[in-house]
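As a plain string of letters, each chain reads:
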Amino acid sequence: MKPMQQEHIFRCHLILLGTVSLILLGACRQSLDSGAEADLAILPISGEVDPDREKGLFVSGAWLMDQEQAILSGEVSVVEVIGFGEKPSGQHIQGAVAIRTDEIEREPLWNLVPDNELFSVLESKGLIWNRTTVFYGKDPFAVARVIWAASYAGLADPRWLWSGVRGWTRSGGEGQSSLANVEPSMFGRSVPAHPEYQVSTAEIKERLETGAAEVVSVRSRREYNGCLLYTSPSPR
């Protein structure tokens, strides 16, 4: 699917989160013929992350510290997500490589890059589809975008260190002054493994008519109210 095709595309990102059981993290983006887009957002999350939980999207610094040997041996990958226009942080988690959001999506509409390019980005970062991969970053919007793109591609076990570098260092981890150099890998899976994570306008309309889906604007309040426009007009 070409990122600039004329069909209206909704990108619905569904990621299950856990506090007591599971929290729904939803993100929907749309590209319109007019050139406008609806941006990604994240539902507020309450409650503490259980440091002992072994399953679920969110993990704590303590959980990641328990994986230190797995990180050193390459059994667990760590990715620092850097948002567009953002500078890398001064400290990094041990073994972390960087993915910038502009590596997986492209101006002017910030659509996902073509599948072959996404595949190349993941391989260049040393990622393998069945290896646990922990993501973190200063901008949760950016982290969510990259996790969705990697899940769409086929990454089977993404995790999110919500507390970032601070959670790592507070749990006894040593901050690194530079990001890791990593050898390119073979992702090991055809991309996309989950094309159903991207939904067309026709499919959304059908689901709405049958009551099988809800469409939620996930832009910031300022964007929704028209106070902040990346493009004009901003659709609703």
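Up top you'll find the structure we're talking about.
Attention here is on the structure that accompanies the text. (Residues numbered from 1 in each chain as written. Predicted model: local features only at pLDDT ≥ 70, side-chain atom pairs only at ≥ 80, totals over all residues. Heavy atoms only, no water.)

Moving on, we come to the packing of aromatic side chains. What describes a pair of aromatic rings is the distance from one ring centre to the other and the angle between the planes of the rings. Summed over the entire model, instances satisfying the criterion amount to six aromatic pairs. Ring centres 5.5 Å apart and planes at 25° place the aromatic pair Trp 148 and Tyr 152 in the stacked group. Here Trp 148 pairs with Tyr 152, and both are found in helix α5 (residues 140-153), just four residues apart, close to one helical turn. Taking relative accessible area as the criterion, Tyr 152 reaches 4% and is therefore assigned buried. Taken together, Phe 58, Trp 160 and Trp 162 form an aromatic cluster joined through their ring pairs. (Phe/Tyr/Trp six-rings, centres within 6.5 Å; stacked < 30°, edge-to-face > 60°. Helix = DSSP H or I, 4+ residues; strand = E, 2+ residues; numbered from the N terminus. Buried < 20%, exposed > 50% of the residue type's maximum accessible area, 1.4 Å probe, protein only.)

Once that is clear, we can look at the environment of Gly 126. Here Gly 126 shows up in the loop between α4 (115-124) and β9 (132-136). Sequence separation of Gly 126 and Ser 185 is 59 residues, and the distance between their C-alpha atoms is 4.5 Å. Residues in contact with Gly 126, not counting those within four places in the same chain, are Ser 77, Arg 131, Val 182, Glu 183, Pro 184 and Ser 185. (Contact = heavy atoms within 4.5 Å.)

Summed over the entire model, instances satisfying the criterion amount to five salt bridges. Glu 103 is the salt-bridge partner of Lys 125, the closest N and O atoms lying 3.2 Å from each other. With Lys 125 in the loop between α4 and β9 and Glu 103 in helix α3 (residues 101-104), the pair connects residues that are 22 residues apart, well separated along the chain. Taking the relative accessible area as the measure of exposure, Lys 125 reaches 14% and is therefore buried. When the shortest N-O distance is used, the salt bridge between Glu 105 and Arg 145 registers 3.3 Å. On the criterion of sequence distance, the pair formed by Glu 105 in strand β7 (residues 105-106) and Arg 145 in helix α5 is long-range, its members being 40 residues apart. The burial state of Glu 105 is the same as that of Arg 145; both residues are buried. (Salt bridge = Lys/Arg side-chain N within 4 Å of Asp/Glu carboxyl O.)

Strand order in the open sheet formed by five strands is β4-β10-β9-β5-β6, and the pairing between neighbours is parallel. One side of each edge strand has no neighbouring strand; the edge strands of this open sheet are β4 (58-59) and β6 (96-100). As defined by bridge partners, β4 adjoins strand β10 (residues 158-161) across two bridges and the pair is classed as parallel. Each bridged residue has a counterpart across the sheet, and for Val 59 the counterpart in β10 is Leu 161. Along the sheet face, α5 touches β5 (76-82), β6, β9 and β10 and points at about 170° away from the line of β10. (Pairing = 2+ DSSP bridges. Axes fitted to C-alpha atoms, helices over the stretch in contact; angles between N-to-C directions.)

What follows concerns the pairing of β6. The element β6 is extensively covered by neighbouring structure, given that four of its five residues are classed as buried. Pairing geometry for β5 and β6, over five bridges, is parallel. From the neighbouring strand, Ile 82 faces β6, where its bridge partner is Arg 100.

A pair of packed helices is characterised by two quantities: the angle between their axes and the separation of those axes. Two elements in contact, α4 and α5, have axes separated by 11 Å at closest approach and are oriented at 105°. With respect to α5, the axis of α4 lies roughly perpendicular. Where α4 abuts α5, its residues Asp 115, Leu 118 and Leu 122 lie against Ala 149, Tyr 152 and Ala 153. In terms of residue class, the contact of α4 with α5 is built from five nonpolar, no polar and one charged. (Parallel < 35°, antiparallel > 145°, perpendicular 65-115°, else oblique. Nonpolar A, V, L, I, M, F, W, Y, C, P; charged D, E, K, R; others polar.)

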